Amino acid sequence: MPDPFEIVVGTYEQYVLGYKVNSIVNEYKMERTFATHSHVASVRSIATNKHYLTSGGADDSVCLYNMRYRLESGKLVHHNDTVNCIAFTPEASHMFTCSNDGSIVAIRCGNWQIDKHWKKPHKGLAVNTMAIHPTGKIALSTGADGILRTWNLVKGRQAYATNLTPRLKLDARNVTVLKWSPNGEKYLLAVNQRIDIYSVELAGIDSEIKLDVKIVCVEFLRDNLIAVGLENGQIRFYDLEKSEQTVEALAHDIRVKCMAFKDNLLVTASSSGEIKLWRYSKNRLDMLQSVNCGARITCLTLAMPCNNIIWYNEVKLEDEQEQAKRIKFRLRQEVVIEKEGDWDVTSVTVPRMGLMEKKKKKRRSTGKEDVPSLCDKKRKVSTLKKKVREEGEEEEEEEEEEEECCIIMNVPKKKKKSANWMIENEQEIIVEKKKRKTDKPSSKGAKALNGDGNFKVDNVTVKRLKKKSIRSKDNDEEVFPQKRRKTTTIESTMVGTIPKKKKKKKKKIKQ
């Protein structure tokens, strides 16, 4: 069963109309999908490829449409007279337009910029029609000068010219039907009551067909089979190999203005506004469906199905949902320490405050994952100081000021001389003391360091401990019996304090 497609027609009443063809159990329906009034004069030519749809009219303009989103993309006004023909390359890389002003223009699809402009290809006379080879490398054009010109689209110049006047006489100036065969080995010219079939291999005429009625349109069904629309409303099929007529049928009451073929379906349109869908089989033509648009049809093309605006909205909705997931907050901060002696933070989870704050955070690399620096958050440090003070007031009546409070997330394995540390209940508390140039202790009662790294404070020897805890729940003994030292434990953080004499001004917290 053939794929659904859309019939697009242009009318004398300046409208471009679209009809979608659907098939359900061998029953075909034609429903109107859109109608647009973009031109201010009659529509003379129309063409489509991929999701591009273009129409040219007697108002000297070319209107652009996007069939994927069902929108009008814009309008081109590079011609100064009626646009007679529009043709796309097979890959839809370029679009060619020809006009009564005697020019041919090559336009790049997408950005719609002019790549080439031939101002007088047919001696400045009107260009009637143009056909592009299935390979997209060469093209043919006819004009009011009676010459058939071949164009090299790779180099962008004319290859050679063939004078049609000796053969067609005065009809050579009015050639409006020019078609390539699907395989590109043949092309035909039709004018008045005559069809000439040319062979590319022979570089000349291969066969000739003469009729008793004026020819209006011709369409290739296969490489050696053509359908001819006549002035009296008939459709005739000719086999080019045998040079004989196979089928003849009365399609419309008046002339068959234009035709298009896809798979085994033939679409015909008449000047009365009637559109008919036919199925062609061997020596037989059956009508499937018909519709009347109520306007005089001038041109016709078939648009293949493509993704529309519904698909675009679904993709946009998925992107919004994915972005919303990224904004969700993470779990609160947790610090887990596996080894006591190495002082390495193995896993840290930090709450996500927002997209803007995330960009401002500075990250510091650890062994396993990136951990944001908490020293940049002064308000967090201030909240920790309040907790330390509240716990200290409950345990001791004596109030002591804190000189320095530093949160260190990653400490190298090498021990610093100016750093003292304590371990309590497998929770590491790091105390970093400000180092002076003389390396002397800040307290007046403290003595110089001994050779083994110990020092005295108020006649009490303070030893540097590495992995032994000063105080534990199981053992209530105190290392410093003469004076109780204040120690605090804060969950999920590492904070240390150094007692010192009271001062009026508090020192700033190191970050």
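The model shown is predicted, which means the values in this text are computed figures rather than measured ones. (Residues numbered from 1 in each chain as written. Predicted model: local features only at pLDDT ≥ 70, side-chain atom pairs only at ≥ 80, totals over all residues. Heavy atoms only, no water.)

A.B. asks: Which parts of the structure should I look at to understand the overall build of the protein chain?
C.D. replies: Regarding its fold elements, the protein chain presents 4 helices and 38 strands. In the protein chain, buried positions account for 44% of the 511 residues. Within the protein chain, contacts between residues separated by at least 24 positions form 44% of all contacts whose residues are at least 6 apart in sequence. Carbon together with sulfur atoms contributes 47% to the accessible area of the protein chain, which is approximately 29,900 Å² in total. (Helix = DSSP H or I, 4+ residues; strand = E, 2+ residues; numbered from the N terminus. Buried < 20%, exposed > 50% of the residue type's maximum accessible area, 1.4 Å probe, protein only. Contact = heavy atoms within 4.5 Å. Areas by Shrake-Rupley, 256 points an atom, 1.4 Å probe, with all protein chains shown as cover.)

A.B. asks: What is the right way to look at the packing of aromatic side chains in this model?
C.D. replies: Two aromatic rings, taken as a pair, are described by how far apart their centres are and by the angle between their planes. Throughout the structure, instances matching the rule amount to 5 aromatic pairs. Plain terms: the ring middles of Phe-237 and Tyr-280 are 4.7 Å apart, the flat faces sit at 25° to each other, and that makes the pair stacked. Of the two residues, Phe-237 is situated in strand 22 (residues 234-239) and Tyr-280 in strand 26 (residues 274-281); the sequence distance between them amounts to 43 residues. Since its relative accessible area comes to 0%, Phe-237 is described here as buried. (Phe/Tyr/Trp six-rings, centres within 6.5 Å; stacked < 30°, edge-to-face > 60°.)

A.B. asks: How should unusual backbone geometry be read in this particular structure?
C.D. replies: If a residue is not glycine, its phi is most likely negative; likewise, a peptide bond is most likely trans. Of note in this structure, Lys-123 is not a glycine but carries a positive phi near 60°. If you trace the backbone, Lys-123 turns up in the loop between strand 11 (114-118) and strand 12 (127-132). Despite not being glycine, Lys-169 has its phi angle at roughly 60°, a positive value. Looking at where Lys-169 falls in the secondary structure, it is placed in the loop between helix 1 (165-168) and strand 16 (177-180).

A.B. asks: Would you take a moment to explain the sheet that holds strand 22 for this structure?
C.D. replies: Spatial strand order, 20-21-22-23: 4 strands in an open sheet with antiparallel pairing. Unpaired on one side and paired on the other, strand 20 (215-222) and strand 23 (244-250) mark the two borders of the sheet. When the angles between neighbouring strand axes are averaged without regard to direction, this sheet yields 20°. With 6 bridges joining them, strand 20 and strand 21 (residues 225-230) adopt antiparallel strand pairing. Each bridged residue has a counterpart across the sheet, and for Arg-222 the counterpart in strand 21 is Leu-225. (Pairing = 2+ DSSP bridges. Axes fitted to C-alpha atoms, helices over the stretch in contact; angles between N-to-C directions.)

A.B. asks: For this particular structure, what's the right way to read the confidence of the model for the protein chain?
C.D. replies: Taken as a whole, the protein chain shows an average pLDDT of 76; of its residues, 61% reach a score of 70 or greater. When mean pLDDT is compared element by element in the protein chain, strand 8 (residues 83-88) scores highest at 97, while strand 34 (residues 419-424) scores lowest at 42. This stretch, residues 397-449, has a pLDDT under 50; its non-local contacts, to residues over four places away or in other chains, come to 124 contacts. (pLDDT = per-residue confidence, 0-100.)

A.B. asks: How do you make sense of the UniProt feature "repeat: WD" (unreviewed entry) in the protein chain when you look at a structure like this?
C.D. replies: The sites that UniProt annotates as "repeat: WD" (unreviewed entry) are residues 76-104, 127-161 and 249-288. For the annotated span residues 76-104, helix accounts for 0% and strand for 48% of the residues, and the straight-line distance between the end C-alpha atoms is 14 Å. Structurally, residues 249-288 comprises 0% helix and 70% strand, and the distance from its first C-alpha atom to its last is 14 Å. (UniProt positions renumbered as here; feature names shortened; annotations may be inferred.)

A.B. asks: Would you take a moment to explain the nonpolar core for this structure?
C.D. replies: One recurring pattern in soluble globular proteins is that nonpolar side chains are buried together. Counting residues in each nonpolar core, the largest one holds 20 residues, and the members touching the most others are Phe-5, Ile-7, Val-267, Ile-275, Leu-277 and Leu-300. Only strand 1 (5-11), strand 2 (16-24), strand 3 (27-36), strand 24 (256-262), strand 25 (265-270), strand 26 and strand 28 (297-303) provide two or more residues apiece to this core. Counting residues in hydrophobic clusters, the runner-up holds 16 residues, among them Ala-190, Ile-209, Val-228 and Leu-230. (Core = buried A, V, L, I, M, F, W, Y, C linked by side-chain atoms within 4.5 Å.)

A.B. asks: Any chance you could explain the environment of Ser-38 here in plain terms?
C.D. replies: In this fold, Ser-38 is placed in the loop between strand 3 and strand 4 (43-49). For Ser-38, a relative accessible area of 10% puts it in the buried group. The spatial distance from the C-alpha of Ser-38 to the C-alpha of Ser-55 is 9.3 Å, given a sequence separation of 17 residues. Ser-38 has contacts with Gln-14, Cys-63, Tyr-65, Glu-72 and Lys-75, leaving out every residue within four places of it along the chain. Engagement of the side chain of Ser-38 in a polar contact is seen with the side chain of Glu-72, the distance being 3.2 Å. (Polar contact = N/O pair within 3.5 Å; in protein donor to acceptor, adjacent residues only side chain to side chain.)

A.B. asks: Even after reading the chapter, I still don't get the side chain of Asp-239, so can you show me in this structure?
C.D. replies: Checked against the element boundaries, Asp-239 lands in strand 22. Buried and unpaired, Asp-239 has Lys-242 as its nearest opposite-charge partner, separated by 4.7 Å. A polar side-chain atom of Asp-239 sits 3.1 Å from the main-chain amide nitrogen of Glu-241. For Asp-239, the contacting residues outside a window of four places in its chain are Asn-224, Leu-225, Glu-244 and Thr-246. (Lys, Arg positive; Asp, Glu negative; His and termini not counted. Salt bridge = Lys/Arg side-chain N within 4 Å of Asp/Glu carboxyl O.)

A.B. asks: Explain the sheet that holds strand 18 (residues 194-199) here, please?
C.D. replies: Sheets are built from strands that pair by backbone hydrogen bonding, the pairs being arranged parallel or antiparallel. The sheet built from 4 strands is open, its strands ordered 16-17-18-19 with antiparallel pairing. Each edge of the open sheet is held by one strand with a lone partner, namely strand 16 and strand 19 (204-210). Taking the axes of each pair of neighbouring strands and ignoring which way they run, one obtains an average angle of 20° across the sheet.

A.B. asks: Please clarify how the pairing of strand 23 should be interpreted in this entry.
C.D. replies: A regular strand carries its side chains on alternate faces of the sheet. Bridge analysis of strand 22 against strand 23 gives 6 bridges, and the strand direction is antiparallel. When the bridges of strand 23 are listed, Tyr-238 appears paired with Gln-245. Following strand 22, the chain reverses through 4 residues before pairing antiparallel with strand 23; Ser-243 in that reversal takes a positive phi of roughly 55°.

A.B. asks: Would you mind going over the pattern of salt bridges with me for this structure?
C.D. replies: Side chains bearing opposite charge may pair, as long as their charged atoms lie close to each other. Throughout the structure, instances matching the rule amount to 16 salt bridges. The partner of Arg-108 in a salt bridge is Asp-115, with the nearest N and O atoms 3.0 Å apart. Among the ionic contacts, a cluster of salt bridges with common partners joins Arg-167, Arg-194, Asp-196, Glu-208 and Lys-210.

A.B. asks: I would appreciate a short explanation of the state of the cysteines in the present structure.
C.D. replies: Following the criterion strictly, the structure yields 0 disulfides and no others. Among the cysteines around Cys-85, which has no disulfide bond, Cys-98 carries the closest sulfur, lying 4.3 Å off. Residue Cys-85 is classed as buried on the basis of its relative accessible area of 13%. (Disulfide = S-S within 2.5 Å.)

A.B. asks: When you look at the environment of Lys-123 in this model, what are you seeing that I'm missing?
C.D. replies: Judged by its relative accessible area of 61%, Lys-123 is exposed. Residues Lys-123 and Ile-147 lie 24 residues apart in sequence; the distance between their C-alpha atoms is 9.9 Å. Setting aside residues up to four positions removed in sequence, Lys-123 forms contacts with Asp-145, Ile-147 and Arg-149.

A.B. asks: Would you explain the side chain of Thr-298 in this entry?
C.D. replies: Looking at where Thr-298 falls in the secondary structure, it is placed in strand 28. A polar contact of 2.5 Å, which involves the side chain of Thr-298, links it to the backbone oxygen of Val-43. Filtering out sequence-adjacent residues up to four positions away, Thr-298 remains in contact with Gly-10, Thr-11, Tyr-12, Val-43, Arg-44 and Lys-257.

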